[in-house]
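Inside the fold
These are the residues of each chain, in order.
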Amino acid sequence: MSQVLRGHAEQLYAQELEELKKQDSGKVPANWKLTPQSAVTYLVGGKLKNGFEVTPKYIGSRRLMEIAVATLTTDRALLLYGLPGTAKSWVSEHLAAAISGDSTMIIQGTAGTSEESIRYGWNYARLLAEGPSENAIVETPVMRAMKDGKIVRIEELTRIGADVQDTLITILSEKMLPIPELNKEVQAIRGFNVIATANNRDKGVNDLSSALKRRFNTVILPVPDTIEEEIDIVKRRVESFEKVMEVPAEAPALHEIRRIVTILRELRNGVTLDGKTKLKVPSGTLSTAEAISVVNSGLSMAGYFGDGRLTAEDMAAGIIGAVIKDPVQDKIVWLEYLETVVKTREDWKDIYRACRNMM
Ligand SMILES: Nc1ncnc2c1ncn2[C@@H]1O[C@H](COP(=O)(O)OP(=O)(O)OP(=O)(O)O)[C@@H](O)[C@H]1O
Ligand SMILES: [Mg+2]
């Protein structure tokens, strides 16, 4: 097995991409690896004509993925928007892998992201020695994607300062990047586009200017509709975690995953699944990603410090850690949930005990 902790999508799913390409018929947009139909199949999974099974990456609405892919065939960029942990980064990576065969051109947006990290920078030693020249330019992922006709990903776009965000306007509308120092420009090759992600929960984010907003099509990724869907997502992601980390534990029983997802969904929605009991909502977001990490850390506990079978004890610390983000407020919320809901469920006694022991 490869020593890499986390391979790129196009490496991990190379075979799927290859098979999709083989059976692809129809018009492939310039510099795309696949047709838009096949790119969507890569994302949501399906069976090919020759019987080959493509695994689903995104579990949810096929229509949303069609809109996302269709957007990228136009001159508009794509903004994936939604709560934390709704697979925005995950979808963006797989879209780039399916379309450009390369998901590595990425800029992580932070409050400190500067214009140079979007446009280009200078290699100062070269700049001093040779003066401004093409050799002295440090290319950014955006510049490289423009030259190669690929997708560039910008993570957490709204964390970038508003003035720096606006650098993207020329790139998105003129499809070119001026280099005034050299009296030159880089013109984007067909196939170039931008996928940005942003979440709507962070404090201190910078709204997109309306000029920039107009150049993006927004696709909102929702939290999973049904509990079955959410369980399915957790199950699949946990399986791949187990494979990569080689945890010495059994695959978790489905009912354990169901219990965790139930707890997180009930607290997220502020009401029990049967709709009978109203609940207080904790301050953090309890997304599917939290459910995945509760199960993953439980498995590590079970594998290394337990008997290899995931139990309530192994999961308790993870659940409490996911729910209690604010030590005062969330603790009240959690204790109330424990006493009014967990305690009363006949087959949940083990969770109640394990969580009580930890508080
Ligand atoms: N609908 C879904 N289908 C498949 N995987 C999902 C889905 N929802 C969540 N996940 C899983 O949740 C994990 C977290 O997703 P990701 O990091 O992409 O979230 P995000 O939306 O980018 O969050 P943030 O706003 O915090 O950056 C991923 O491992 C992803 O596989
Ligand atoms: Mg993300």
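In this text the structure is predicted, and so the values were computed from the model without any measurement.

Let us now look at the packing of aromatic side chains. Applying the stated criterion to the full structure yields three aromatic pairs. Between Y120 and W122 the ring centres are 5.9 Å apart and the planes differ by 90°, which places this aromatic pair in the edge-to-face class. Each member of the pair, Y120 as well as W122, is classed as buried. Just above the ring of Y42 sits the side chain of K57; from NZ or CZ to the centre is 4.1 Å. A cation sits over an aromatic face here: R345 above W348, 4.6 Å from the ring centre.

The next thing to look at is the site of ligand 1. In the vicinity of ligand 1 there are 18 residues, among which I59, G85, K88, S89 and R237 approach most closely. Within the contact set of ligand 1, a nitrogen atom lies 2.8 Å away from a backbone nitrogen or oxygen of I59. One of the backbone N or O atoms of W90 is found 2.9 Å from an oxygen atom in ligand 1. Taking 640 Å² as the accessible area of ligand 1 by itself, protein coverage stands at 83%. Listed by contribution, the elements that provide at least two residues to the shell around ligand 1 are α5 (88-100), α12 (227-245) and α14 (288-305). Across the shell around ligand 1, the residue classes tally to nine nonpolar, five polar and four charged.

Counted at 1.5 Å a residue, the expected span for α12 with its 19 residues is 27 Å, and the 27 Å between its end C-alpha atoms agrees. Looking only at α12, the buried set comprises I227, E230, I231, I233, V234, V238 and E242. Burial along α12 is one-sided: seen end-on, the buried residues are contained in an arc of 160°. Contact partners of the buried residues in α12: α13 (254-269) and α14. At the C-terminal side of α12, E246 shows a positive phi close to 50°.

With 14 residues, helix α16 (residues 329-342) ought to run about 20 Å at 1.5 Å a step, and its terminal C-alpha atoms sit 19 Å apart, in line with that. Tucked inside the fold, the buried residues of α16 contact α13, α15 (312-323) and α17 (349-358).

Looking now at the pairing of strand β3 (residues 77-82). Within a regular beta strand, the side chains point alternately toward one face of the sheet and then the other, so they alternate between its two faces. For β3, a buried count of five out of six residues is recorded, marking the element as mostly surrounded by other parts of the structure. Across five bridges, the pairing between β3 and strand β11 (residues 216-220) is parallel. Among the inter-strand pairings, L79 is bridged to a residue of β11, identified as T218. Summarising the sheet, β3 and strand β10 (residues 193-199) pair through five bridges and their orientation is parallel. Bridging from a neighbouring strand, L80 pairs with T197 of β10.

What follows deals with the packing of α12 against α13. In helix packing, the relevant descriptors are the interaxial angle and the interaxial distance, both defined with respect to the helix axes. Closest axis-to-axis distance for the α12/α13 pair is 10 Å, and the angle between their directions is 125°. Taken together, the axes of α12 and α13 are oblique relative to one another. Of the two elements, α12 crosses α13, and the hand of that crossing is right-handed. Listed contacts from α13 to I227, E228, E230, I231, V234 and K235 of α12 are L254, I257, R258, V261, T262, R265 and R268. Considering only residue class, the contact of α12 with α13 consists of six nonpolar, one polar and six charged.

Another point: the side chain of R268. The topology assignment puts R268 in helix α13. Not counting the four nearest positions on each side in its chain, R268 is found in contact with V223, E230, V281, L286, S287 and T288.

Another aspect to go through is the environment of K22. Topologically, K22 is positioned in helix α2 (residues 14-23). When its relative accessible area of 61% is taken as the criterion, K22 is described as exposed. Between the alpha carbons of K22 and L34 there is a distance of 9.6 Å; along the sequence they are 12 residues apart.

As summarised here, the arrangement of the five strands in space is β4-β7-β10-β3-β11, forming an open sheet in which the pairing is parallel. Strand pairing shows two members of the sheet lacking a second neighbour, β4 (106-108) and β11, which therefore form its edges. When the angles between neighbouring strand axes are averaged without regard to direction, this sheet yields 20°. By the bridge criterion, four bridges tie strand β7 (residues 151-155) to β10 in an arrangement that is parallel. Residue pairing across strands places I151 opposite N193, the latter belonging to β10. Contacts from α5 reach β3, β7 and β10 within the one sheet, and its direction differs from that of β7 by about 170°.

Here we come to the domain arrangement of the chain. Under the domain assignment, the chain is made up of domain 1 (9-220) and domain 2 (227-358). A straight line from the C-alpha centre of domain 1 to that of domain 2 covers 34 Å. Interface area, domain 1 with domain 2, both sides summed: about 720 Å², of which 63% is carbon and sulfur. Here domain 1 and domain 2 share zero residue pairs in polar contact (both at pLDDT 80 or more) between them. A class-by-class count of the residues in the side of domain 1 that touches domain 2 yields five nonpolar, two polar and one charged.

Rules used in this analysis
- Residues numbered from 1 in each chain as written.
- Chains lettered and ligands numbered in written order.
- Predicted model: local features only at pLDDT ≥ 70, side-chain atom pairs only at ≥ 80, totals over all residues.
- Heavy atoms only, no water.
- Phe/Tyr/Trp six-rings, centres within 6.5 Å; stacked < 30°, edge-to-face > 60°.
- Buried < 20%, exposed > 50% of the residue type's maximum accessible area, 1.4 Å probe, protein only.
- Lys NZ or Arg CZ within 6 Å of the ring centre and 35° of its normal.
- Near = heavy atom within 4 Å.
- Polar contact = N/O pair within 3.5 Å; in protein donor to acceptor, adjacent residues only side chain to side chain.
- Areas by Shrake-Rupley, 256 points an atom, 1.4 Å probe, with all protein chains shown as cover.
- Helix = DSSP H or I, 4+ residues; strand = E, 2+ residues; numbered from the N terminus.
- Nonpolar A, V, L, I, M, F, W, Y, C, P; charged D, E, K, R; others polar.
- Expected span 1.5 Å × (residues − 1).
- Arc of directions from axis to C-beta.
- Contact = heavy atoms within 4.5 Å.
- Pairing = 2+ DSSP bridges.
- Axes fitted to C-alpha atoms, helices over the stretch in contact; angles between N-to-C directions.
- Parallel < 35°, antiparallel > 145°, perpendicular 65-115°, else oblique.
- Left-handed = near helix turned anticlockwise from the far one by under 90°.
- Domains from an automatic or database assignment.
- Buried area = accessible area lost by both parts, 1.4 Å probe.

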